[in-house]
Amino acid sequence: MAEEVLQLVGLIGDEDSVVGFLLGGIGHQTITPPLQTVTSNVFVVDKETPADEIEDAFRTLVRRTDVGIVLITRLVADRIRHTLDIRERSNQVGKS
């Protein structure tokens, strides 16, 4: 029998949306030695978060092998629409 591989849900959104999903149990943090770097599967955005930081968080989540799907709230997605459109046109939507 093949080994089951669990995939995380990545989330980029406003604080209220992220808290709701965290209460639902999707939160995960990974601590990577030797520097004890903490990596999370969520990114909280507020009105002052620069678009380039949101784009970086998106790119990081879609490149992770342990993240199977990335959810982005509509208002946040509108702020990085250009990046999302480029990814869609490159036929990478739905692919890792």
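This report concerns the structure included in the present document. In this numbering scheme, every chain counts its residues from 1 along its sequence in written order. Given that this is a predicted model, residues contribute local features only at a pLDDT of at least 70 and side-chain atom pairs are listed and counted only at 80 or more, while totals for whole chains, interfaces and linings are drawn from all residues. Water and hydrogen atoms play no part in the side-chain values, which are based on all heavy atoms of the structure.

**Side note on the environment of D52**
Alright, step 1. Numbering goes from the N terminus for both helices and strands, where a helix is a DSSP run of H or I of at least four residues and a strand is a run of E of at least two. Among the structural elements, D52 can be located in helix α2 (residues 51–63).
Alright, step 2. In this structure D52 comes out as partly exposed when scored by relative accessible area, which is 46%.
Alright, step 3. Sequence separation between D52 and L35 is 17 residues, and the spatial gap between their C-alpha atoms is 25 Å. Relative accessibility under 20% of the residue-type maximum defines a buried residue, over 50% an exposed one, and the middle range a partly exposed one, all with a 1.4 Å probe and only protein chains included.

**A look at the environment of Q7**
Alright, step 1. By the secondary structure assignment, Q7 is in the segment before β1 (8–14).
Alright, step 2. A residue is classified by how much of its surface remains accessible, and Q7, at 41% relative accessible area, is partly exposed.
Alright, step 3. The sequence separation of Q7 and G25 amounts to 18 residues, and the corresponding C-alpha distance is 13 Å.
Alright, step 4. Residue contacts are counted whenever heavy atoms from the two residues lie within 4.5 Å of one another. With residues up to four places along the chain from it excluded, the contact list for Q7 reads T65, D66, V67 and G68.

Fair warning: the whole summary comes from geometry, so function is off the table for now.
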